[in-house]
Amino acid sequence: MRAVVINEYGSKDVLVEQELPKPAIKANQVLVEVYATSINPIDWKLRAGYLKQMLDWTFPIILGWDVAGKIVEIGSEVKSFQIGDEVFARPDTTAKGTYAEFTAVDEELLAIKPSNLTFEEAASIPLAGLTAWQCLVDNTKVKQGDKVLIHAGAGGVGSLAIQMAKHLGAYVASTASENNEAYVKELGADEFINYRTQQFEEELRDYDVVIDTMGGDILNKSFQILKPGGRLVTIAGQPDPSLAEKHRVTASSYWLTPNGNQLGELGELLEKGILKPQVGSIFEFSAEALQKAHELSETHHAKGKIVIKVK
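Along each chain, the written sequence defines residue order, and numbers are assigned to residues from 1. This being a predicted model, a pLDDT of at least 70 is required before a residue's local features are given, and a value of 80 or more before pairs of side-chain atoms are given or counted; all residues contribute to the totals for chains, interfaces and linings. Processing note: side-chain calculations cover all non-hydrogen atoms of the structure and skip hydrogens and water entirely.

### Re the pattern of salt bridges
- Whenever a carboxyl oxygen of Asp or Glu lies within 4 Å of a side-chain nitrogen of Lys or Arg, that contact is scored as a salt bridge. All chains considered together, the criterion is met by 16 salt bridges.
- When the shortest N-O distance is used, the salt bridge between Lys-12 and Asp-13 registers 3.9 Å.
- Relative accessibility under 20% of the residue-type maximum defines a buried residue, over 50% an exposed one, and the middle range a partly exposed one, all with a 1.4 Å probe and only protein chains included. Residue classification places Lys-12 among the partly exposed positions, given a relative accessible area of 24%.
- One salt bridge connects Lys-166 with Asp-190, and the closest N-O pair in it is separated by 2.8 Å. With Lys-166 in helix H4 (residues 156–167) and Asp-190 in the loop between helix H5 (181–187) and strand S10 (191–194), this pair connects stretches of sequence that are 24 residues apart.
- On the basis of relative accessible area, Lys-166 is assigned to the partly exposed category, the value being 31%.
- A relative accessible area of 37% means that Asp-190 is categorised as partly exposed.
- Shared partners join several salt bridges into a network, and the residues in it are Lys-143, Asp-146 and Arg-231. Secondary structure elements follow DSSP: runs of H or I no shorter than four residues count as helices, runs of E no shorter than two count as strands, and numbering proceeds from the N terminus.

### A few points about the layout of surface pockets
- Its volume calculated, the largest pocket comes out at about 1300 Å³.
- The method works on a 1 Å grid over the protein atoms by themselves. A cavity is a set of points holding a 1.4 Å probe that cannot get out, a pocket is an open set with protein on both sides within 12 Å along at least five of seven lines, and residues with an atom within 4 Å of a point line them. Around the largest pocket, the lining comprises 49 residues; the ones closest to its centre are Pro-41, Thr-213, Met-214, Ile-235 and His-300.
- Listing elements by their share of the lining of the largest pocket, those giving two or more residues are helix H1 (41–47), helix H3 (126–139), H4, strand S9 (171–176), helix H6 (200–203), helix H7 (216–222) and strand S15 (305–309).
- A per-element tally of the lining of the largest pocket places H1 first, with 4 residues.
- Space inside the second largest pocket adds up to approximately 260 Å³.
- By residue number, the principal contributor to the lining of the second largest pocket is strand S6 (residues 102–106), which donates 4 residues.
- For the lining of the second largest pocket, a count of residues per class yields 7 nonpolar, 5 polar and 4 charged. Grid points are joined across faces, edges and corners, and a volume is the space filled by probe spheres set on the points. All amino acids are sorted into three groups, where Ala, Val, Leu, Ile, Met, Phe, Trp, Tyr, Cys and Pro are nonpolar, Asp, Glu, Lys and Arg are charged, and the leftover types, Gly among them, are polar.

### Observations concerning H3
- Buried residues dominate H3, accounting for 11 of its 14 residues.
- Burial in H3 covers these residues: Pro-126, Leu-127, Ala-128, Gly-129, Leu-130, Thr-131, Ala-132, Trp-133, Gln-134, Cys-135 and Leu-136.
- Just past H3, the residue Lys-141 takes up positive phi, approximately 50 degrees.

### Here's the deal with the sheet that holds S9
- Spatially, the 6 strands line up as an open sheet ordered S10-S9-S8-S11-S12-S13, and their pairing is parallel. Here the strands that pair on one side only, and so sit at the sheet edges, are S10 and strand S13 (250–253). Direction aside, neighbouring strands of the sheet carry axes that sit 15 degrees apart on average.
- Two strands qualify as a pair provided that DSSP identifies no fewer than 2 bridges between them. The sheet contact formed by strand S8 (residues 147–150) and S9 spans 4 bridges and is parallel. Within S9, the residue paired with Ile-150 across the bridge is Ser-174. Axes here mean lines fitted to C-alpha atoms, for a helix over just the part in contact, with angles spanning 0 to 180 degrees between N-to-C directions.

### Some thoughts on the environment of Val-67
- Turning to its location among the elements, Val-67 is positioned in strand S4 (residues 67–74).
- Taking relative accessible area as the criterion, Val-67 reaches 2% and is therefore assigned buried.
- Along the sequence, Val-67 and Ala-123 sit 56 residues apart, while their C-alpha atoms lie 5.1 Å from each other.
- Leaving out residues up to four positions away in the same chain, Val-67 has contacts with Val-32, Val-34, Ala-36, Val-87, Phe-88, Ala-89, Pro-91, Thr-98, Thr-103, Val-105 and Pro-126. Two residues form a contact once any of their heavy atoms are found within 4.5 Å.

### Quick notes on the nonpolar core
- Only buried residues count toward a nonpolar core, which is a set of Ala, Val, Leu, Ile, Met, Phe, Trp, Tyr and Cys residues joined through side-chain atoms within 4.5 Å. Formed by 92 residues in total, the largest nonpolar core has its most connected members in Tyr-99 and Leu-110.
- Formed by 15 residues, the second largest nonpolar core is a distinct cluster that contains Leu-149, Ala-173, Val-210 and Leu-243.

### Topic: the packing of H3 against H4
- Interaxial distance between H3 and H4 falls to 8 Å at its minimum, and their mutual angle equals 50 degrees. By the angle between their axes, H3 is oblique relative to H4. Taken as a pair, H3 and H4 cross one another with a handedness that is right-handed. Of H4, the residues touching H3 (which contributes Ala-128, Gly-129, Thr-131, Ala-132, Trp-133 and Leu-136) are Gly-156, Val-157, Leu-160, Ala-161, Met-164 and Ala-165.
- Each residue belonging to the contact of H3 with H4 can be placed in one class, and the counts come to 9 nonpolar, 3 polar and no charged. Any angle that falls under 35 degrees is termed roughly parallel, while one over 145 is termed roughly antiparallel, one within 65 to 115 roughly perpendicular, and all others oblique. Handedness of a crossing is defined here by the sense of rotation of the near helix relative to the far one, left-handed for an anticlockwise turn of less than a right angle and right-handed for a clockwise turn.

### Brief notes about the packing of aromatic side chains
- Any pair of Phe, Tyr and Trp rings, taking the six-membered ring for Trp, is counted once the centres come within 6.5 Å. Such a pair is stacked with planes under 30 degrees apart, edge-to-face with planes over 60 apart, and tilted for the rest. Taken as a whole and assessed by the stated rule, the structure comprises 3 aromatic pairs.
- Taken together, a centroid distance of 5.0 Å and an interplanar angle of 65 degrees make the contact between Tyr-9 and Phe-59 edge-to-face. Remark: Phe-59 occurs in the loop between H1 and S4 and Tyr-9 occurs in the loop between strand S1 (2–6) and strand S2 (15–19); sequence separation between them is 50 residues.
- A residue is classified by how much of its surface remains accessible, and Phe-59, at 33% relative accessible area, is partly exposed.
- The interplanar angle of 45 degrees and the centroid separation of 6.2 Å between the aromatic rings of Trp-57 and Trp-65 together place this pair among those described as tilted. In terms of burial, Trp-57 and Trp-65 fall into one category: buried.
- Its end group placed over the ring of Phe-102, Lys-22 keeps NZ or CZ at 4.4 Å from the ring centre.
- Note on criteria: charge over ring means Lys NZ or Arg CZ within 6 Å of the ring centre, with the direction from the centre no more than 35 degrees off the ring normal. Directly above the aromatic system of Phe-119 lies the positively charged group of Lys-113, at a separation of 5.0 Å from the ring centroid.

Dropping the structure here:
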């Protein structure tokens, strides 16, 4: 099969095309023919070598942890899926990812692709969608009437989190650039903060929840807008325990847990049109196109999700 791999850590130029054998599946897995995948920050962070202590893999490494496609082979223990099913998934984090024509996925991480979505739209959902959902529902337990700040509302996670928070009945503020004001309001944001000209910590107060996707200074300033008892979750760093104590709030860092059942629930929201996929750009499947896609993701200014059309 064709795959785009890295054989060393480095810049986007280490992404190269290579012929590799199709993955052999285990009894609890299916082989998915990849129709589309998408780019997430974990892809280029791993490519650059930032995660090599945490994920100590041997080369070649196939990046990519989102997939939409068709099942072409099933393991002997697989009960809920069959050959020909159109599926989507956030596969397990392994060195055999989804920048390839085929990928192996555990049955428990799969969900049936919503029938109203293209493969490209479906591939944009799993990693970002599960991250947003788990931050809002499992971690901060957002409920009707909560005031929620979502940083970088035009991004991959933010654009889905705004829609989910509104579905849960929250009042939502979001930060973005002036170019994306109409976009985040269209997604459902009640209040827009232009991060270039406004200081969100001066504009907002008494919030119940902050979903931080930026880290650093933005993460630290986010404590100031929470009411005592508020909840903060970040996917971009480690919150400072002394700030949590000072502001009398709970704060945690979050890394998503792949979950096929939850993805199936998101699939139902997508089928009903409550949640809409946010595909910002689509690239072809080649080393050169993936290099450009990585470059765009690394700017931190991509709108919606960056998708790769494999088939």
